[in-house]
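Read off the chains here:
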Amino acid sequence: MNSAKLDHAPPPAVAAPETRAAPRGRARRLWARGTAPYAFLSPTMILIFVLMIIPIAMVVSYSFKDNVIVQQNSVFVGFANYTKVLTDPDFLAALKNTFVFITVSTVAHLILGLGFALMLNTPLLGNVTKAIFRIIYILPWLFTVAVIAVIWRLMLDPSGVVNYLLTTLGGSSVDWLSDPGKALWALTFINIWAGFPFFMISILAGLQGIPGDLYEAASVDGASPIRQFWNVTIPQLRPVLISMAVLDLIWTSQQFALIWMTTGGGPLNVTEMLSTYTYKQAFSSYEFATASAAAVIVLLLTMVLAVFYVRLQKER
Amino acid sequence: MPTSKKVLTRKRRRLGAKIAVFTGLCLGAAFAGLPVVWMLSTSFKPNGEVFAVPPKLISHFSFDAYTAILSDGAQLRFFLNSYIVALSVTALTLFVAILAAYGFSRYEFPLKKSINAVIISVQAVPPITLVIPYFGLVVTLGLYNTYPGLILTHMVFTLPYAIIMMTAYFNTLPKELDESVKVDGASSWTALWRVLVPVSVPGMVAVGVYTFMISWNEYLFALTLTRTDDMRTVPIGIQLLMGQHSYEWNQMMAMSILGSIPVLILFLLFQRRFIGGLTSGAVKA
């Protein structure tokens with residue numbers, strides 16, 4: 001599972017002889033031992049303070065004010081920005097779209113990732129064949145979102161190759177990314193394509209970690225491969241599957257670049273997500289206060305998922 | 001003892017299963033790989049033939065799109081910017097993460113659990129929430145439209161993962177290794193850099209590759225924290241190409257491929273280490 005660990009054979013351990021330090025030296029050393037970890041962690045703590053604690057405090061304070069960033073003399077306005085956001089039909093549409101986008105993506109990632117991982121784990125094919133397939137399967141994950149966006153804009157163009165196949169098969173040409181009825185599904189499909197490899201890799205690692213004797217015992221008991229799948233594979237993979245799914249919900253909800261570069265939230269807001277809504281409020285309308293309220297709401301929703309994730313990790 | 005007929009049916013069933021799995025794998029490979037093949041083939045076409053009917057994999061093979069990108073100073077600038085940012089982020093992240101990982105791996109201290117929890121939770125904070133205060137912060141600090149502004153903000157994504165992966169790596173190395181040097185009078189600092197770091201190269205490679213990838217691919221901060229074209233990175237450059245040249249598809253694809261090459265090479269070189277480090281991180285994180 002962790003080849004980085006396995007690759008490296010640690011050199012033989014050298015036994016540490018007992019130290020015979022003078023009392024004063026020991027006191028100093030104890031003090032040094034007490035502060036040393038904080039010294040080692042200080043760059044990290046400073047960075048986290050500057051890049052995380054301060055910004056979150058800033059965005060929360062912006063969200064309760066008026067006229068932030070672009071203008072001076074901001075005034076405390078209480079929950080006015082939140083009321084504005086939560087009653088904005090565009091925000092509610094974004095919330096709904098995000099929900100559809102992340103749940104469909106995650107379920108599809110799970111199914112595809114599991115299916116491909118199972119096929120790649122088959123004992124029926126040679127290792128070289130499987131290694132080649134594995135590289136092909138990882139491909140989508142190696143391209144940055146900007147590249148994925150242009151690939152699919154090319155493929156899904158009204159006169160692109162997907163529509164060519166569709167029309168040759170007797171269908172009619174579809175403007176996938178501009179048709180209000182199709183855009184959200186096209187976008188979700190692109191995201192499924194872009195994200196399944198990470199699931200696949202993790203599930204494959206999980207599969208390889210299942211002890212072989214579990215399957216042997218099952219087949220001695222006469223369990224068919226399908227029964228073995230449901231009674232051995234799935235229960236063994238459960239922790240990996242659940243944590244991957246929660247992580248994916250979090251990551252997908254944060255997706256911005258893909259939406260921004262394919263549909264930009266359009267047509268008619270059908271692909272507007274929480275991320276694009278917030279971005280537009282801030283950097284298109286310069287309504288930084290409203291944007292901050294939306295950003296805080298996004299943060300809170302993510303925290304709910306994150307807390308759920310941490311609970312799951314503790315249960316294991 | 002099974003009869004020969006039984007052996008034959010079993011063999012046949014095995015062959016059937018083999019064909020079924022192979023077909024399934026091929027269908028999956030088409031799903032994953034064909035868009036990539038299409039991107040590659042488009043980058044070698046003259047722009048007029050990109051949407052030719054019927055579509056052809058290879059029409060008039062030409063390097064024109066690549067020459068156009070590589071002879072354009074503005075495009076090359078995107079690459080230079082991406083290299084400067086991603087390499088700086090990688091070096092700084094490794095340095096800070098090694099220090100932090102040493103602290104986590106070799107010491108017990110009262111705030112250990114809380115600091116660790118904060119580092120893990122940083123990973124979940126949405127970039128869109130951060131980009132608004134970052135914009136205010138970066139403008140205030142005079143870092144708007146500069147390399148340091150991008151480098152610093154990219155580290156918020158790379159650091160937590162790097163610390164978690166590096167700590168896991170140091171934990172696999174026996175404590176006696178660095179303790180023995182310390183007994184001889186060396187400081188923890190020396191023990192870390194002279195003893196632990198040299199034997200941790202595989203772990204550092206995995207962390208470094210991953211860090212480089214995240215920074216090279218980052219889009220939202222690069223979009224909002226830079227303004228002028230000479231400060232843009234490759235992902236933004238690809239987007240700019242979309243508007244500028246009224247859809248020079250072949251050039252967009254060539255740029256996409258050129259922009260993906262560093263990551264592809266790193267991945268192919270360090271595939272095993274990388275996947276190993278990543279999955280262990282993902283499952284533990």
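A quick note: this is a predicted structure, and the numbers were derived from the prediction, not measured.

*Asks:* I'd love a proper account of the overall build of chain B, names of residues and values included.
*Replies:* Helix and strand counts for chain B come out as 13 helices and zero strands. Starting at the N terminus and ending at the C terminus, chain B contains elements arranged as α-α-α-α-α-α-α-α-α-α-α-α-α. A compact globule built from 285 residues would reach a C-alpha radius of gyration of about 19 Å, whereas chain B, at 25 Å, exceeds it by more than 25%. Dimensions of chain B, computed from the C-alpha atoms along their principal axes, are close to 80 × 75 × 35 Å. By the burial criterion, 56% of the 285 residues in chain B qualify as buried. Taking all contacts inside chain B whose residues are at least 6 apart in sequence as the whole, residues at least 24 apart take part in 74%. Entry remark: accessible area of chain B is about 12,100 Å², with carbon and sulfur atoms responsible for 67%. In chain B, 22 positive and 12 negative side-chain charges are present, and the distance between their average locations comes to 22 Å.

*Asks:* Just give me the short version of the UniProt feature "transmembrane region" (unreviewed entry) in chain B, but keep the residues and values in it.
*Replies:* Residue and element names in this part refer to chain B. In this numbering, the UniProt entry assigns the feature "transmembrane region" (unreviewed entry) to residues 20-40, 83-105, 117-144, 150-170, 191-213 and 252-270. Secondary structure across residues 20-40 divides into 100% helix and 0% strand, with the first and last C-alpha atoms of the span separated by 29 Å. A helix fraction of 96% and a strand fraction of 0% characterise residues 191-213, whose end C-alpha atoms lie 30 Å from each other.

*Asks:* Talk me through helix α9 (residues 201-217) of chain B; I want residue IDs and the actual numbers.
*Replies:* With 17 residues, α9 of chain B ought to run about 24 Å at 1.5 Å a step, and its terminal C-alpha atoms sit 24 Å apart, in line with that. Counting buried positions along α9 of chain B yields 14 of 17 residues, so the element is predominantly enclosed.

*Asks:* A description of unusual backbone geometry should follow, citing residues and the corresponding values.
*Replies:* Across the junction of G266 of chain A and P267 of chain A, the peptide omega takes the value -15°, indicating a cis bond. Here P267 of chain A is to be found in the loop between α11 (257-262) and α12 (274-284). In this structure, the amide linkage connecting V53 of chain B to the following residue, P54 of chain B, adopts the cis form with an omega of -10°. Mapped onto the elements of the fold, P54 of chain B is located in the loop between α1 (4-43) and α2 (64-70). Here the phi dihedral of Y286 of chain A falls at roughly 55°; this positive angle occurs in a residue that is not glycine.

*Asks:* Explain the pattern of salt bridges to me, and be specific about the residues and the numbers.
*Replies:* All names here are of chain B. Going through the model one piece at a time under the given rule, you end up with six salt bridges over all chains. Residue K112 pairs with E108 through a salt bridge whose shortest N-O separation is 3.2 Å. On the basis of relative accessibility, which here comes to 18%, the residue K112 falls in the buried class. Using a relative accessible area of 65% as the deciding quantity, one classes E108 as exposed.

*Asks:* Talk me through the domain arrangement of chain B; I want residue IDs and the actual numbers.
*Replies:* Residue and element names in this part refer to chain B. Domain annotation of chain B identifies domain 1 (4-43) and domain 2 (69-284). Its C-alpha centre places domain 1 at a distance of 37 Å from the equivalent point of domain 2. The interface of domain 1 with domain 2 comprises four residues on the first partner and six residues on the second. Buried area between domain 1 and domain 2, both sides added, is near 410 Å², and the carbon and sulfur share of it is 87%.

*Asks:* I'd like a description of the packing of aromatic side chains, backed by residues and values.
*Replies:* According to the stated counting rule, one finds 44 aromatic pairs over all chains in the structure shown. The interplanar angle of 90° and the centroid separation of 5.2 Å between the aromatic rings of F283 of chain A and F135 of chain B together place this pair among those described as edge-to-face. Taken together, the residues F283 of chain A in helix α12 and F135 of chain B in helix α5 (residues 127-140) connect one chain to another. For F283 of chain A, a relative accessible area of 13% puts it in the buried group. With a centroid separation of 4.8 Å and 65° between ring planes, the pair formed by Y83 of chain B and W216 of chain B is classed as edge-to-face. With Y83 of chain B in helix α3 (residues 73-106) and W216 of chain B in helix α9, this residue pair connects regions lying 133 residues apart in the sequence. Residue classification places W216 of chain B among the buried positions, given a relative accessible area of 1%.

*Asks:* So what's going on with the interface of chain B and chain A? Residues and values would help.
*Replies:* Taken residue by residue, the interface counts 108 residues in chain B and 98 residues in chain A. Summed over both partners, the interface of chain B with chain A comes to about 9,200 Å²; 80% of that surface belongs to carbon and sulfur atoms. Viewed at the interface, chain A and chain B are joined by zero salt bridges. Our count for the contact surface shared by chain B and chain A stands at nine residue pairs in polar contact (both at pLDDT 80 or more). Ranked by residues supplied to the side of chain B that touches chain A, first place goes to α1 of chain B with 18 residues. Counted by class, the side of chain B that touches chain A contains 78 nonpolar, 21 polar and nine charged residues.

*Asks:* Which residues make up the nonpolar core, and what are the values?
*Replies:* Within soluble globular proteins, side chains that are nonpolar generally end up buried alongside one another. In terms of nonpolar packing, the biggest core is built from 181 residues, with Y137 and M200 of chain A together with F170, L192 and F221 of chain B touching the most fellow members. There are two domains that each give this core at least three residues, and those are domain 1 (4-43) and domain 2 (69-284) of chain B. Residues V246, A306 and L312 of chain A together with A124 of chain B belong to the second largest nonpolar core, which totals seven residues.

*Asks:* Give me the UniProt feature "domain: ABC transmembrane type-1" (unreviewed entry) in chain A: which residues, what numbers.
*Replies:* With numbering matched to this structure, UniProt assigns "domain: ABC transmembrane type-1" (unreviewed entry) to residues 95-309 of chain A. Measuring from the first to the last C-alpha atom of residues 95-309 of chain A gives 21 Å, for a span that is 76% helix and 0% strand.

*Asks:* How would you sum up the side chain of N217 of chain B? Please name residues and give values.
*Replies:* Relative to the assigned elements, N217 of chain B resides in helix α9. What makes N217 of chain B buried here is its relative accessible area of 19%. Leaving out residues up to four positions away in the same chain, N217 of chain B has contacts with T144 of chain A together with P235 and V263 of chain B.

*Asks:* Describe in detail the confidence of the model for chain B, supporting the description with residues and values.
*Replies:* Confidence in the prediction of chain B, expressed as mean pLDDT, is 88, and 93% of residues score 70 or more. Throughout residues 281-285 of chain B the model reports pLDDT below 50, and contacts reaching past four residues in sequence, or to other chains, amount to 15 contacts.

About the criteria used
- Residues numbered from 1 in each chain as written.
- Chains lettered and ligands numbered in written order.
- Predicted model: local features only at pLDDT ≥ 70, side-chain atom pairs only at ≥ 80, totals over all residues.
- Heavy atoms only, no water.
- Helix = DSSP H or I, 4+ residues; strand = E, 2+ residues; numbered from the N terminus.
- Rg over C-alpha atoms; globule rule 2.2 N^0.38 Å.
- Buried < 20%, exposed > 50% of the residue type's maximum accessible area, 1.4 Å probe, protein only.
- Contact = heavy atoms within 4.5 Å.
- Areas by Shrake-Rupley, 256 points an atom, 1.4 Å probe, with all protein chains shown as cover.
- Lys, Arg positive; Asp, Glu negative; His and termini not counted.
- Charge placed at Lys NZ, Arg CZ, Asp CG, Glu CD.
- UniProt positions renumbered as here; feature names shortened; annotations may be inferred.
- Expected span 1.5 Å × (residues − 1).
- Salt bridge = Lys/Arg side-chain N within 4 Å of Asp/Glu carboxyl O.
- Domains from an automatic or database assignment.
- Buried area = accessible area lost by both parts, 1.4 Å probe.
- Phe/Tyr/Trp six-rings, centres within 6.5 Å; stacked < 30°, edge-to-face > 60°.
- Polar contact = N/O pair within 3.5 Å; in protein donor to acceptor, adjacent residues only side chain to side chain.
- Nonpolar A, V, L, I, M, F, W, Y, C, P; charged D, E, K, R; others polar.
- Core = buried A, V, L, I, M, F, W, Y, C linked by side-chain atoms within 4.5 Å.
- pLDDT = per-residue confidence, 0-100.

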